[in-house]
Amino acid sequence: MEKIQVNVGGASAFVSASGIEALVPDGKAALAKLTDGTGLGNDFLGWVKLPTETSDELLDDINATASRLCELCDVVVAIGIGGSYLGAKAVIEALSNSFASYIPSNTPKVLFAGQNIGEDYLYELKEYLRDKKFGIIVISKSGTTTEPAIAFRVLREQLEAQMGREEANKRIVAVTDEHRGALRTLANTEGYKTYVIADNVGGRFSVLTPVGLLPIAVAGFDIKALVEGARQMEKATLSGSDSSAMTYAIYRNALYRSGKKIEILVNYNPKLHFFGEWWKQLYGESEGKDHKGIYPAAVDNTTDLHSMGQWIQEGERIIFETVISVAKADNELRIPFEESNLDGLNYIAGKRVDEVNKMAELGTRIAHIDGGVPNLQVVMPAITEQSLGQLIYFFEAACGISGYILDVNPFNQPGVEAYKRNMFALLEKPGYEEETAAIKAKI
Ligand code: PA5
């Protein structure tokens, strides 16, 4: 099986060999902390061996639940936010046909809710679902997050109104904590089918649990191949036979220390847009703390070369890029020859569109390196379940290693509570009386 590869050649002119060498012991120590559990946040290391520890029984059970939802529903709404949303969205978008509403055609359309509090978004979704046979996968590790809780209350009311409570309950699956949280209480009361998110797997590392696997299976994709790809990367990374995660973690820290404060994840395939969103959460929440951390950004090229390209080429030199290159396009499409050649394109007639895309990618990488932007490259063989599984584990492992090199706890996210406290205070949530008084004094 072909594996993903990391190419650091485009960064070598920006970091000294001795700077990289100096970080190798830190990288090795960081990997050891992940495997022996001696680092900060070591109660959240369940993801490290998750792929190999995921049983076929669980995958079969998820596939069976997905089949049941497929039989009952034309549309399934996956409700969740952050780590309870982005992994499934990233994989489904990467594997889906860009225009057919769903593939294969016997699977329901998978939509998402609870990832925002947009009133228009939820209203329009309700309208869309009005004449549809729909089901709900509600995902919240804590079971108390406001955004998905609102969406679930609204859509559950609609489902019950359309189907009756008993039938509605057959079409709702909850993925949550085994014991705690309002969602667990509700699921137990109503008798929903449930899956458990283990205590030791944080939200942003949970795509390979039922959090991501159930929506992905409902969308018709092969979760066994996805997990298999991750297993291969897990074994190779933990045994040391593949050092790509370590190399990526070391280079990005060396670049950060040299003043490159922003990392831009670049794709040349629009199907990877949400993979960039997933990656931004993974690295942003893991590293941005103690007033440290690389700011993770993402662009979709060549689209964004016509908007952000100028800044990247000539703006402040505080950025580096990590390009996800897809070696092989799924389909073949050649540019036609045209006698009149009025558009002047005959010089590329007969070439595949992907060949032009690849030259745009190479040309851009060279231009950016020449312009002072270090370039790392992660090459995936093709966009398949297996290579996405590899890529997910690769970035998770590199994130853990990188966070420990940076000397932060990569597995907590204390900063995300600040807005919640203020929001609850402003909404006068019971229990927040002091905060309400304090915040009212500020506005
Ligand atoms: O990575 C995280 O922990 C967060 O992004 C959570 O996934 C997000 O806040 C959703 O939390 P929950 O699944 O508890 O609703």
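It should be noted that the structure appears before, not after, this text.
Calculation criteria
Residues numbered from 1 in each chain as written. Predicted model: local features only at pLDDT ≥ 70, side-chain atom pairs only at ≥ 80, totals over all residues. Heavy atoms only, no water. Near = heavy atom within 4 Å. Polar contact = N/O pair within 3.5 Å; in protein donor to acceptor, adjacent residues only side chain to side chain. Nonpolar A, V, L, I, M, F, W, Y, C, P; charged D, E, K, R; others polar. Phe/Tyr/Trp six-rings, centres within 6.5 Å; stacked < 30°, edge-to-face > 60°. Helix = DSSP H or I, 4+ residues; strand = E, 2+ residues; numbered from the N terminus. Buried < 20%, exposed > 50% of the residue type's maximum accessible area, 1.4 Å probe, protein only. Salt bridge = Lys/Arg side-chain N within 4 Å of Asp/Glu carboxyl O. Pairing = 2+ DSSP bridges. Right-handed = clockwise from strand over helix to strand, strands pointing away.

> If you had to explain the site of the ligand to someone new, which residues and values would you point to?
Around the ligand lies a shell of 13 residues, among which Ser-84, Ser-140, Ser-142, Thr-145 and Gln-281 are the nearest. Thr-145 places a side-chain nitrogen or oxygen 2.5 Å from an oxygen atom of the ligand. Contacts to the ligand include Arg-204, whose backbone N or O atom sits 3.1 Å from an oxygen atom. Residue classes in the shell around the ligand are distributed as one nonpolar, nine polar and three charged.

> Which residues make up the packing of aromatic side chains, and what values do they have?
For the structure shown, the criterion picks out 16 aromatic pairs. With centroids separated by 5.6 Å and ring planes inclined at 75°, the aromatic side chains of Tyr-248 and Phe-395 adopt a geometry described as edge-to-face. Of this pair, Tyr-248 sits in helix H11 (residues 244-257) while Phe-395 sits in helix H15 (residues 385-406); the two residues are 147 residues apart in sequence, bridging distant segments of the chain. The same class applies to Tyr-248 and to Phe-395, which are both buried. Taken together, a centroid distance of 5.5 Å and an interplanar angle of 35° make the contact between Trp-279 and Tyr-283 tilted. Placement of the pair is Trp-279 and Tyr-283 together in helix H12 (residues 273-287), with a separation of four residues, close to one helical turn. In this structure an aromatic cluster arises from ring pairing among Tyr-248, Phe-275, Trp-278, Trp-279, Tyr-283, Phe-394 and Phe-395.

> An account of the environment of Ser-241 is needed here, citing residue identities and associated values.
For Ser-241, the position within the fold is in the loop between helix H10 (223-239) and H11. Take Ser-241: its relative accessible area is 60%, and that puts it in the exposed class.

> Describe in detail the pattern of salt bridges, supporting the description with residues and values.
A side chain with one charge can pair with a side chain of the opposite charge if their charged atoms come near. Within this structure, the stated rule accounts for 21 salt bridges. As a salt-bridge pair, Arg-252 and Glu-263 come within 2.7 Å of each other at their nearest N and O atoms. A residue pair is termed long-range when its members are at least 10 positions apart, and Arg-252 in helix H11 and Glu-263 in strand S7 (residues 262-267) qualify at eleven residues. Residue Arg-252 shares its accessibility class with Glu-263, and that shared class is buried. Between Glu-287 and Arg-252 there is a salt bridge, and its shortest N-O distance comes to 2.9 Å. Within this pair, whereas Glu-287 is found in helix H12, its partner Arg-252 is found in helix H11, the two being separated by 35 residues in sequence. Per residue, the accessibility class of Glu-287 equals that of Arg-252, and both read buried.

> Explain unusual backbone geometry residue by residue, including any values.
The bulk of non-glycine residues show a negative phi, and the bulk of peptide bonds are trans. Cis rather than trans, the peptide bond between Asn-301 and Thr-302 has omega equal to 10°. Within the secondary structure, Thr-302 is located in the loop between strand S8 (295-300) and helix H13 (309-314). Unusually for a residue other than glycine, His-291 sits at a positive phi of about 60°. Here His-291 shows up in the loop between H12 and S8. Accessibility expressed as a relative area gives 86% for His-291, which makes it exposed. For Glu-428, which is not glycine, the phi dihedral falls at a positive 60°. The topology assignment puts Glu-428 in the loop between helix H16 (417-426) and helix H17 (433-442). According to the relative accessible area criterion, Glu-428 is partly exposed, its value standing at 48%.

> How would you sum up the pairing of strand S10 (residues 375-380)? Please name residues and give values.
Burial runs high along S10: five of the six residues are buried. In the sheet, strand S1 (residues 5-7) pairs with S10 via three bridges, with the strands oriented antiparallel. Following the sheet pairing, Gln-5 is matched in S10 by Val-379. Relative to S10, strand S9 (residues 319-326) runs parallel, the two being bridged by six bridges. Paired with Ile-324 across the strands is Val-378, a residue of S10. Handedness of the β-α-β unit built from S9, helix H14 (residues 353-370) and S10 comes out right-handed.

Nothing here speaks to function; it is all geometry.
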